[in-house]
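# Close look at the chain arrangement
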Amino acid sequence: MKYSEIRKTKRYKTERAADGVALTRSAFQLLFGCILLLFIGAVIFGLVFPVVTFPKKSDNKMQNYSVVTVRSDDLNKGDIVSVKTDHNITAGEILALEGERIVIGTDRTKSVNCVQYKGIRYFSYEDLRQALPEPVVPKGYVMLNGDFTSSEALSVGEIVSQKYITGKVSVVLYPFSLFGRSAEHLKK
């Protein structure tokens, strides 16, 4: 029998249809397996490397940033860390570590115009000495740049307990223009 005649038989058409169904089924199973693996990978990634979203003022407008944080006990000046309190999750740059002198001034580089400690803002050393006998960061605390989310001109340094620090910012996920960049791009 010639091939053209075989193609016209009912058995040939049935086998071809069954092959098509099997091919479609295996393609669907492969696609479903890939989606399932991506989902499981994303969940595991989120558990191992927490993703934090916080607003930051840049170019006179508020921008949301999503970043990957890595748990680290090795904190240094200039690190950008994520902070989780009872009410929210935010981020800030470490200006001073425990035992370092607090600088209140008007220069906009690394000093601050006021210091927030336990919910109260202090605008001078005299006021701050009511809460802290010496103008140094207490043991177990760090001073963060608190104006990541501030829309006011006031530069606030916030003294935060290290137990609230959940990790260092390592990689930017969003905005996509900064995807994969280090935390240094958030300081600009």
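What comes next is a walk through the structure. For clarity, every value in this text was computed on a predicted model and none was experimentally measured.

In terms of regular secondary structure, the protein chain is built from three helices and nine strands. Traced from its N-terminal end to its C-terminal end, the protein chain shows the element sequence α-α-β-β-β-β-β-β-α-β-β-β. Counting only contacts in the protein chain whose residues sit at least 6 apart along the sequence, the fraction spanning at least 24 positions is 53%. Carbon and sulfur atoms make up 58% of the accessible area of the protein chain, which totals about 12,400 Å².

Here we come to the packing of aromatic side chains. In total, this model carries one aromatic pair according to the counting rule given. With a centroid separation of 5.9 Å and 70° between ring planes, the pair formed by Y117 and Y141 is classed as edge-to-face. Of this pair, Y117 sits in strand β5 (residues 114-117) while Y141 sits in strand β7 (residues 141-145); the two residues are 24 residues apart in sequence, bridging distant segments of the chain. Above the ring of Y125, the side-chain terminus of R101 is found at 5.6 Å from the ring centroid.

Counting 13 residues, the largest nonpolar core has I102, V115, L128, L132, M143 and I159 as its most contacted members. Breaking this core down by element, the ones donating at least two residues are β4 (89-96) and β5. Contact partners of L128, with chain neighbours within four places excluded, come to I102, I104, V115 and Y122. Core analysis: the next-biggest nonpolar cluster, separate from the first, contains ten residues, V52, Y65, I80 and L178 among them.

This structure, assessed with the given rule, holds three salt bridges. The partner of K77 in a salt bridge is E100, and the shortest N-O contact between them spans 3.7 Å. Placement of the pair is K77 in the loop between β2 (61-70) and β3 (80-84) and E100 in the loop between β4 and β5, with a sequence separation of 23 residues. Across the salt bridge formed by K168 and D79, the nearest N and O atoms sit 3.3 Å from each other. With K168 in strand β9 (residues 165-174) and D79 in the loop between β2 and β3, this residue pair connects regions lying 89 residues apart in the sequence. You can call D79 buried: its relative accessible area is 16%.

A separate point is the side chain of N145. With respect to the element layout, N145 can be found in strand β7. The contact partners of N145, leaving out residues within four places of it in the chain, are G92, E93, L95, S155 and V156.

Here β2 pairs with β9 via five bridges, running antiparallel. Paired with T69 across the two strands is V169, which belongs to β9. Here β3 runs beside β9; their pairing, made up of three bridges, is antiparallel. Note that in β9 the partner of S82 across the bridge is G167.

The topology assignment puts S82 in strand β3. On a C-alpha basis, the gap between S82 and V68 in space is 9.5 Å, while along the polypeptide they are 14 residues apart. Leave out the neighbours within four places in its chain, and S82 touches V52, T69, T90, A91, Y164, I165, T166 and G167. Here the side chain of S82 touches T166 through a polar contact of 2.4 Å, side chain to side chain.

Before going further, it helps to examine the environment of I120. Topologically, I120 is positioned in strand β6 (residues 120-122). With relative accessibility at 45%, the residue I120 sits in the partly exposed group. Once the C-alpha coordinates of I120 and E158 are considered, the two residues, 38 residues apart in sequence, prove to be 9.6 Å apart.

Below, the discussion takes up the pairing of β5. By the alternation rule, side chains of β5 split into C114 and Q116 and V115 and Y117, which are all buried. By the bridge criterion, four bridges tie β5 to strand β8 (residues 156-161) in an arrangement that is parallel. Bridging from a neighbouring strand, C114 pairs with V156 of β8. Bridge count between β5 and β6: three bridges; the pairing is antiparallel. Within the sheet, the bridge partner assigned to Q116 lies in β6 and is R121. What sits between β5 and β6 in their antiparallel hairpin is a turn of two residues, with K118 showing a positive phi close to 55°.

Reading the values: the criteria
All chains use their own residue numbering, which begins from 1 and follows the written sequence. pLDDT decides what is reported in this predicted model: residues at 70 or higher carry local features, side-chain atom pairs at 80 or more are listed and counted, and totals for whole chains, interfaces and linings draw on all residues regardless. To obtain the side-chain values, all non-hydrogen atoms of the structure were included, while hydrogens and water were left out. We count a stretch as a helix when DSSP gives it H or I for four or more residues in a row; a strand needs E for two or more, and each element gets its number in order from the N terminus. Between two residues, a contact is recorded if the distance between any of their heavy atoms is within 4.5 Å. Note that accessible areas follow from Shrake-Rupley with a 1.4 Å probe, and for residues the cover is restricted to the protein chains shown. Note on ring pairs: Phe, Tyr and Trp rings are taken, using the six-membered ring of Trp, and paired if centres are within 6.5 Å. Classes follow the plane angle, with under 30 degrees stacked, over 60 edge-to-face and the rest tilted. Here, a charge over a ring is recorded when the distance from Lys NZ or Arg CZ to the ring centre is within 6 Å and its angle to the ring normal is within 35 degrees. Put simply, a nonpolar core is a bunch of buried Ala, Val, Leu, Ile, Met, Phe, Trp, Tyr and Cys residues held in one set by side-chain atoms that sit within 4.5 Å of each other. Type-normalised accessible area, obtained with a 1.4 Å probe on protein chains alone, sets the label of each residue: buried when under 20%, exposed when over 50%, and partly exposed for intermediate values. For this document, the term salt bridge refers to a Lys or Arg side-chain nitrogen within 4 Å of an Asp or Glu carboxyl oxygen. Only strands joined by at least two bridges in the DSSP assignment are considered to pair. Distance and chemistry together define a polar contact, namely a pair of N or O atoms within 3.5 Å, with one atom able to donate a hydrogen and the other to accept it when in protein, and with adjacent residues in sequence counting only for side-chain atoms on both sides.

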